[in-house]
Number of protein chains: 4
Amino acid sequence: MVTRDKKIPVGVLGATGMVGQRFIELLQGHPWFELVALGASDKHNGRPYAEVTGWRLSGSDMPASAAKLPVVACRPDAMPQVKVVFSALPGEIAGEIEVAFAQAGVAVFSNAKNHRMGADVPLLIPEVNADHIAAIPRQQKQRGWSGFIVTNANCSSTPLVMALKPLQQAFGISKVLVTTMQSISGAGYPGLPSYDILDNAIPYIGGEEEKVESETLKMLGEWQEGQGFVDAPLVVSAHCNRVATREGHLECASIQLERQASPEEIIAAWENYVPESQAARLPSAPERALLYRREIDRPQTLRDRDAGNGMTVTLGRLRPCPLFSYKFVMLGHNTVRGAAGGSILNAEWCVNKGLL
Amino acid sequence: MVTRDKKIPVGVLGATGMVGQRFIELLQGHPWFELVALGASDKHNGRPYAEVTGWRLSGSDMPASAAKLPVVACRPDAMPQVKVVFSALPGEIAGEIEVAFAQAGVAVFSNAKNHRMGADVPLLIPEVNADHIAAIPRQQKQRGWSGFIVTNANCSSTPLVMALKPLQQAFGISKVLVTTMQSISGAGYPGLPSYDILDNAIPYIGGEEEKVESETLKMLGEWQEGQGFVDAPLVVSAHCNRVATREGHLECASIQLERQASPEEIIAAWENYVPESQAARLPSAPERALLYRREIDRPQTLRDRDAGNGMTVTLGRLRPCPLFSYKFVMLGHNTVRGAAGGSILNAEWCVNKGLL
Amino acid sequence: MVTRDKKIPVGVLGATGMVGQRFIELLQGHPWFELVALGASDKHNGRPYAEVTGWRLSGSDMPASAAKLPVVACRPDAMPQVKVVFSALPGEIAGEIEVAFAQAGVAVFSNAKNHRMGADVPLLIPEVNADHIAAIPRQQKQRGWSGFIVTNANCSSTPLVMALKPLQQAFGISKVLVTTMQSISGAGYPGLPSYDILDNAIPYIGGEEEKVESETLKMLGEWQEGQGFVDAPLVVSAHCNRVATREGHLECASIQLERQASPEEIIAAWENYVPESQAARLPSAPERALLYRREIDRPQTLRDRDAGNGMTVTLGRLRPCPLFSYKFVMLGHNTVRGAAGGSILNAEWCVNKGLL
Amino acid sequence: MVTRDKKIPVGVLGATGMVGQRFIELLQGHPWFELVALGASDKHNGRPYAEVTGWRLSGSDMPASAAKLPVVACRPDAMPQVKVVFSALPGEIAGEIEVAFAQAGVAVFSNAKNHRMGADVPLLIPEVNADHIAAIPRQQKQRGWSGFIVTNANCSSTPLVMALKPLQQAFGISKVLVTTMQSISGAGYPGLPSYDILDNAIPYIGGEEEKVESETLKMLGEWQEGQGFVDAPLVVSAHCNRVATREGHLECASIQLERQASPEEIIAAWENYVPESQAARLPSAPERALLYRREIDRPQTLRDRDAGNGMTVTLGRLRPCPLFSYKFVMLGHNTVRGAAGGSILNAEWCVNKGLL
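Think of each chain on its own: its residues are numbered from 1, step by step along the sequence as written. Lettering for chains starts from A, numbering for ligands starts from 1, and both go in the order in which the items are written. In keeping with the predicted nature of the model, local features appear solely for residues at pLDDT of at least 70, side-chain atom pairs appear and are counted solely at 80 or more, and the whole-chain, interface and lining totals rest on all residues. Derived side-chain values reflect all non-hydrogen atoms in the structure, with water molecules and hydrogen atoms excluded from consideration.

Observations concerning the sheet that holds strand E4 (residues 84-87) of chain A
Residues and elements named next belong to chain A. Stated precisely, the cut-off is as follows: The pairing criterion is simple: DSSP has to find at least two bridges between the two strands. Under the scheme used here, helices are H or I runs from DSSP no shorter than 4 residues and strands are E runs no shorter than 2 residues, and both carry numbers assigned from the N terminus. All axes are obtained by fitting lines to C-alpha atoms, using only the stretch in contact for helices, and the reported angles, taken between N-to-C directions, cover 0 to 180 degrees.
On the basis of which strands lie adjacent, the open sheet formed by six strands has the order E3-E2-E1-E4-E5-E6 and parallel pairing. Two strands lie at the open edges of the sheet, namely strand E3 (71-73) and strand E6 (148-151), each paired on one side alone. Averaged over all adjacent pairs, the angle separating strand axes in this sheet is 30 degrees, with direction ignored. Pairing between strand E5 (residues 107-110) and E6: four bridges, direction parallel. For Phe109, the partnering residue across the bridge sits in E6 and is Val150.

Regarding helix H10 (residues 263-271) of chain C
Residues and elements named next belong to chain C. As a reminder, the rule being used: Each residue is placed in one exposure class: buried if its accessible area under a 1.4 Å probe, protein chains only, is under 20% of its type's maximum, exposed if it is over 50%, and partly exposed if it falls in between. Comment: arc refers to directions from the helix axis out to C-beta atoms. Here, residues are in contact when the closest pair of their heavy atoms is within 4.5 Å.
Buried within H10 we find Ile266, Ile267, Ala269 and Trp270. In an axial view of H10, the angular spread of the buried residues amounts to 155 degrees, which keeps them on one side of the axis. Close packing links the buried residues of H10 with helix H7 (157-171), strand E11 (249-257), strand E12 (290-293), strand E13 (313-320) and strand E14 (326-332).

A word on the relation of the copies chain B and chain D
Note the threshold: Here the copies were fitted onto each other by least squares, based on C-alpha atoms from residues at pLDDT of at least 70 in both.
Expressed as a screw transformation, the operator carrying chain B onto chain D has a rotation angle of 180 degrees and an axial translation of 0.0 Å, and the superposed copies differ by an RMSD of 0.0 Å. What the superposition gives is, in effect, a two-fold axis relating one chain to the other. Taking C-alpha positions as reference, the residue of chain B nearest the rotation axis is Asp199 of chain B, located at 3.4 Å. With an isologous cut-off of 70% or more, the 92% of interface residues of chain B that recur at the interface of chain D puts this contact in the isologous class.

Re the interface of chain A and chain B
Using the following cut-off: Computed with a 1.4 Å rolling probe, the buried area is the accessible surface lost when two parts are put together, summed over both parts. One side-chain nitrogen of Lys or Arg within 4 Å of one carboxyl oxygen of Asp or Glu is enough to make a salt bridge.
Each partner contributes residues to the interface: chain A has 47 residues there, and chain B has 47 residues. Of the roughly 3,600 Å² buried at the junction of chain A and chain B (both faces included), carbon and sulfur atoms supply 62%. Of all residues in chain A, the largest losses of buried area upon contact with chain B belong to Asp199, Pro203 and Leu323 of chain A, amounting jointly to 19% of the total for that side. Here chain A and chain B share eight salt bridges between them. Across the pair Arg305 of chain B and Asp199 of chain A runs a salt bridge, and its minimum N-O distance is 2.8 Å.

A word on the UniProt feature "active site" (unreviewed entry) in chain A
Residue and element names in this part refer to chain A. Convention followed: UniProt positions are given in the numbering used here, feature names are shortened, and annotations may be inferred rather than shown by experiment. Pairs of N or O atoms within 3.5 Å make up the polar contacts considered here, provided that, within protein, one atom can donate a hydrogen while the other can accept it, and that residues adjacent in sequence are counted only when both atoms are side-chain atoms.
In the UniProt entry, the feature "active site" (unreviewed entry) is given for Cys155 and His249. For the annotated residues, spread through 95 residues, the largest C-alpha to C-alpha distance comes to 7.8 Å, consistent with a single compact locus. In this structure, Cys155 sits in the loop between E6 and helix H7 (157-171). Since its relative accessible area comes to 13%, Cys155 is described here as buried. If we ignore the near neighbours within four places in the chain, the residues touching Cys155 are Glu208, His249, Glu251, Asn334 and Gly338. In this fold, His249 is placed in strand E11 (residues 249-257). Among the residues examined, His249 registers a relative accessible area of 0% and is labelled buried. From its side chain, His249 meets the backbone nitrogen of Ser183 in a polar contact 3.1 Å long.

Quick word on the interface of chain B and chain D
Spelled out, the test is: We call Asp, Glu, Lys and Arg charged. Ala, Val, Leu, Ile, Met, Phe, Trp, Tyr, Cys and Pro are nonpolar, and the rest, Gly among them, are polar.
Taken together, the contact between chain B and chain D spans 13 residues of the former and twelve residues of the latter. For the pair chain B and chain D, the summed buried surface comes to about 1,000 Å²; carbon and sulfur atoms form 44% of the total. Sorting the residues of chain B by area buried against chain D places Asp61, Leu302 and Arg303 of chain B first, and these three jointly supply 43% of that buried surface. Where chain B packs against chain D, one counts four salt bridges. Note that Arg298 of chain D and Asp61 of chain B form a salt bridge whose closest N and O atoms lie 3.8 Å from each other. At the boundary of chain B and chain D, one finds four residue pairs in polar contact (both at pLDDT 80 or more). Looking at side-chain class alone, the side of chain B that touches chain D contains four nonpolar, two polar and seven charged residues.

Some thoughts on the relation of the copies chain A and chain B
Once turned by 180 degrees and shifted 0.0 Å along the axis, chain A lies on chain B with an RMSD of 0.0 Å. Interface overlap between copies: 100% of the residues of chain A at the interface are likewise at the interface in chain B, consistent with a symmetric, same-surface contact.

Details of the sheet that holds strand E7 (residues 173-182) of chain D
Residues and elements named next belong to chain D. Strand order in the open sheet made by the six strands is E10-E7-E11-E14-E13-E12, with mixed pairing throughout. With one partner strand each, in any of the chains shown, strand E10 (235-242) and strand E12 (290-293) form the two edges of the open sheet. For this sheet, the mean inter-axis angle between neighbouring strands, taken without regard to orientation, is 20 degrees.

Things to note about the pairing of strand E13 (residues 313-320) of chain B
All names here are of chain B. With respect to burial, E13 is a largely interior element, seven of its eight residues being buried. As paired strands, strand E12 (residues 290-293) and E13 are joined by four bridges and run parallel to one another. By the bridge assignment, Arg293 is partnered in E13 with Gly316. Pairing analysis gives five bridges linking E13 to strand E14 (residues 326-332), with the strands arranged antiparallel. Bridge pairing in E14 links Thr314 to Leu331.

What to know about the domain arrangement of chain A
All names here are of chain A. Note the cut-off: These domain limits were set by an automatic method or by a database of domain assignments.
Domains assigned within chain A are domain 1 (4-154 + 340-352) and domain 2 (157-333). In this structure, domain 1 and domain 2 have C-alpha centres spaced 24 Å apart. Each side of the interface is counted separately: domain 1 has 35 residues, and domain 2 has 40 residues. Both sides together, the interface formed by domain 1 and domain 2 hides about 3,000 Å², and carbon and sulfur atoms give 61% of it. Contact with domain 2 buries surface across domain 1, with Glu127, Val128 and Asn154 losing the most and accounting together for 23% of the total. Applying the counting criterion to the domain 1 and domain 2 interface returns two salt bridges. Arg116 serves as the salt-bridge partner of Glu215, at 2.7 Å between the closest nitrogen and oxygen. The tally of links from domain 1 across to domain 2 stands at 16 residue pairs in polar contact (both at pLDDT 80 or more). Taken together, the elements giving at least two residues each to the side of domain 1 that touches domain 2 come down to helix H1 (18-27), helix H5 (126-129), helix H6 (135-143) and helix H13 (336-352). Ranked by residues supplied to the side of domain 1 that touches domain 2, first place goes to H13 with seven residues.

What about helix H9 (residues 208-219) of chain B?
Rule in force here: The span expected for a helix works out to 1.5 Å for each residue beyond the first.
Between its first and last C-alpha, H9 of chain B extends 16 Å over twelve residues, near the 16 Å set by a 1.5 Å rise per residue. For H9 of chain B, the tally of buried residues reaches nine of twelve residues, placing the bulk of the element in the interior.

Section: the pattern of salt bridges
Any two side chains of opposite charge can pair, given that their charged atoms come close. The final tally for this structure, using the stated rule, is 72 salt bridges over all chains. With a closest N to O distance of 2.7 Å, Glu25 of chain A and Arg22 of chain A form a salt bridge. Pair noted here: Glu25 of chain A and Arg22 of chain A are both in helix H1, with a separation of three residues, about one helical turn. Arg22 of chain A gets classed as buried once you look at its relative accessible area, which sits at 10%. Close ionic contact of Glu51 of chain C with Arg47 of chain C constitutes a salt bridge, the shortest N to O distance being 3.4 Å. Residue Arg47 of chain C is classed as partly exposed on the basis of its relative accessible area of 38%. Among the charged side chains, a salt-bridge network with shared partners connects Asp61 of chain A together with Arg293, Glu295, Arg298 and Asp304 of chain C.

Quick look at the environment of Thr179 of chain B
Note on placement: Thr179 of chain B falls in strand E7 (residues 173-182). A relative accessible area of 1% places Thr179 of chain B in the buried class. As a C-alpha pair, Thr179 of chain B and Trp349 of chain B span 170 residues in sequence and 30 Å in three-dimensional space. Not counting residues within four places of it along the chain, the set of residues in contact with Thr179 of chain B comprises Thr179 and Cys252 of chain A together with His239, Asn241, Leu250, Glu251 and Cys252 of chain B.

Notes on the packing of aromatic side chains
Residues and elements named next belong to chain D. Stated precisely, the cut-off is as follows: Pairing of aromatic rings covers Phe, Tyr and Trp, the last through its six-membered ring, and needs centres within 6.5 Å; plane angles under 30 degrees mean stacked, over 60 mean edge-to-face, and all others mean tilted.
According to the stated counting rule, one finds 30 aromatic pairs over all chains in the structure shown. When the centroid spacing of 5.9 Å and the interplanar angle of 70 degrees are considered together, the rings of Phe33 and Phe86 count as edge-to-face. Within this pair, whereas Phe33 is found in strand E2 (residues 33-40), its partner Phe86 is found in strand E4 (residues 84-87), the two being separated by 53 residues in sequence. On the basis of relative accessible area, Phe33 is assigned to the buried category, the value being 2%.

And the structure:
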């Protein structure tokens, strides 16, 4: 077991961006991990973190310990002490850098899209597909890596998959139509210009719908030892929109179940869902992965995004759908559960399973 | 024909509210109608409009002519001179008041929900179901009214039905799933408290989903002389949400067509759609009822709501849907096309057809 | 001393409003006070709090203990067990109700404006004018009350006075010009309609400028045993504005000092300010009443309002003023420090001084 | 006189930015000017405007005539046909480019800050200091230019100076303290990240306070033939803030008059102010340069910014100031009156005076 006097040294790649800052925030006082390295653009050249970036997160200041850390290049030799890196790198550069770390023996937990659909790379949410880590040994063997890469899903796929898993398990799901109302932090920083979104809603987020439609199948699918990842046999259609909220993605879904179920059974499936990972009491796991609210107008972005310190997905408004079996609403915190918090939970799960 | 020196005297019921103010704004300088009466709560007791209410619409001041008009009770005997009333009354009181005016020989054009689903009441959008005015004679006969009631649809149903009509006509439609992102003005004034919506999205609007699911069928259905209104044979499922925009309802739809069609054919059906009413060149009709934009991120609430002075419905992002035939996005101005402007257009159509 | 097993039973008047809800939130788990009674409109007639109101505060749910409490009338005989009431009543009714409680032997800590300027009523901020509680005995004697009334200041006066006090003490102040940018929660709930403030700023808040201009003088003035309250000899001019922020009032001030001081001396006066009340380590007192930030663009409403759990006033941008001695910026949380939290701190101070 | 068949050919420098787009919008259908050239970064290399930039302004589409224009480098030889250029260039590069055009015989009307305080460069608002164009001949002579440079003021200085001028003229002004609430469009595009301003107010805009404090003196000062520009003998102190509004800068001012005046006299001075330029009926001049509103809560950013097509400055809330003579509120549209519209009006004034 990890103990306080022998914490695992970790680094953050892409430490100056919005998700990078969330990593730094969430790693403060972590019982298992010690943040020892911050990686970003080469140009920063070892200058202290506080000098090269402004802290963007509201409700907290830049942690003092991070402020002093030198910002180094995103290369394994620039942070030789780390056993784990959390990657908040942009997709344009994440692919090769993450491979370099895995080759160098580092466990990489990545938010970037690059390796998510890799045939031997887990796209992991411990409450959903904890057993997908079985792909790691094959990944290491096939690629000759001593480290490995585990990815977490897109911020809009994450709450959807968490909501669907208990229903898939209990009743089977064949069709999902989801429409998202995503917050501005999902676009990073500086991200969305204020002139584009104040008093506006934008019905397009580049690449987002494709991610939701494909990542969901992989996460709800199976890892079969002989065969690799097998997609779940369902069809997903996504409409992705940007609205003027700071944090939290609100999503409306209509789903077709394979077996009939009453509303009470659906809600019970959510409320009684206790995945294997929950029993492990991981440090970042919320008390409840899923919370169903009975008020007629919940979840709401502002009021529910911080449930479980941003790690709980809130559900509500289950009702029959004239076209499919049911409709409902869900909400997840996009930079916590849907990004940095999700990655850290993945690392905790790997620690728990002895992979680190 | 109506001429400037013999305009039809009209009144507005519910003149102090948000839709009431839009009526007043849009009736300024109208070539056929002369605003002569303003009705609201009895308590105002004949005091000038400017004294009893504050003007809420941005971009304009209270019209000087309206400012001086006395605010009278919403009773036919309080405004004996009007031939037409536009009703922006709340649902709690609209039903009986509108009947009283119709009985008194006045043509009522109403935004209220009360009579929309009436078996002999047109739920009218001239570009969609112009022929539904055929119900008016029967309404008058059955009820013994010398006036009549024509309603316009809910502000979120309106753009949906306008988008669907050309496709229904050309290819048939069997299923529609629509998710709305509706602006705050849809809730009237004072309506939504700012503390409820700033940095928030709310996945619930009371009664709205039911209206979209039922009104659409009536509007896309037929008036059959022997039988009355016959619903269109399609199924609609709606998710309705409130977001922090001032005006304009943005909607994402997935639809199942009955006959296959290419994207080009769909867009052509929209772009080439010229309904009978268009030929009549009604004063409030926009040059184009439907506008398809080819940019990947349009329509947007802020940027497209004022198209055609708020009377054009803007479409975009047509693409295949994994679950149905196609998905697309549409936008309509909720207090213009979806409320006051729509009502005025309905009245113009009735004038054009000799009903006034 | 107050101990856990002998907490003081307290009630909240005006419990359903926004400030009332803050009181309930902040009293949860309070070491000295036990919330036992909730008062609001008579019409609620003893029904449980959860039934008569919706919880408005984001980031928390209605506390379970409050949810079950019956909502009773705001009369002393309806809550005979309380020793203290916190009043979040609207000004229209607060005056007489608060008097009734004070007559009945209850200590009233009020946010309402009614008694603030009373000649024998402390307008109290413990860090500013802790000794003003000396007025209480006279208040009781003159009025024949066994209880008493202590008020806290308007939400925009509060941060101003806290910023000024150390400078007044060290250098003297003769003139203050302050312009506020106040958040929507200051208007209560439902308060400001969203249609009035989205994409808008409003340069008027009824009665607010007058309050800032008068309350400041009283709070920075002295209680003289023979004479009563003597206003501080300074002149204040206020411009009060509403902007689209949820919580936190941002204020720009220009001040004239009576003695010259360098910027370093000013900042030192703020940073080294340790009022008597601070030594008492009151439960709701923040570690620092005043925090000066050196970043060029701070304080900011969003990022600094929660400093010290909303009880710290954040200062910044001290620089010379071409017309007066200096200009600077300050920020205070309006519903915490400027309302409910301030009242609770006042009660704590009275407990500490043996008045309860 | 300029006639339609002999319009003056003009270009826009910095055509892709937010102010550049306003220039293009406002020049559509201009009776005197014909937009024939668009200048921006060299890299665009002659490609059509529609290909190199997205249109940002709401309420309008990219004008078709501009869409086709090639985007050329900001050099005189790249647009030899123009007689006038409107410069929306950023300060980092505007200085030298504008000089090059003036040397080449072009009349430059600039929004950039670089030459505003030049000893022989008019900082012009026709309604305020129309006679400052007398500096142009000296500018040409001293610098050996056949063209010239005329600048317009910062977007927050502009409404202030327009409000002050009639009072300065009638009563004299010695002191001005102004606090601004500026909209996001003032920061250009992409400008302010949405994550920085949603639910926030920021009390800092780089360089803004200095500009307001110095530009005001120059504009309210005099051009003396022997001596050049002589600053007005007043002192200005500015606090500049950013708030979440799209367009329009709201400003609160306290002013010290040199001679006593009643509120009625002040308002009369504003309402009766008819500057020389007004008589010229310039195409972009609003019917009224100044509009005083009597409602207690006006001007408001949203509701008053479009007065006079964005060219009118709206005033309100005149009341005594405890520290100075009076306080009041003003509002000006920052990208129209405070930027592109102001520049075009300056050019019109120069045409009117025979300088073009």
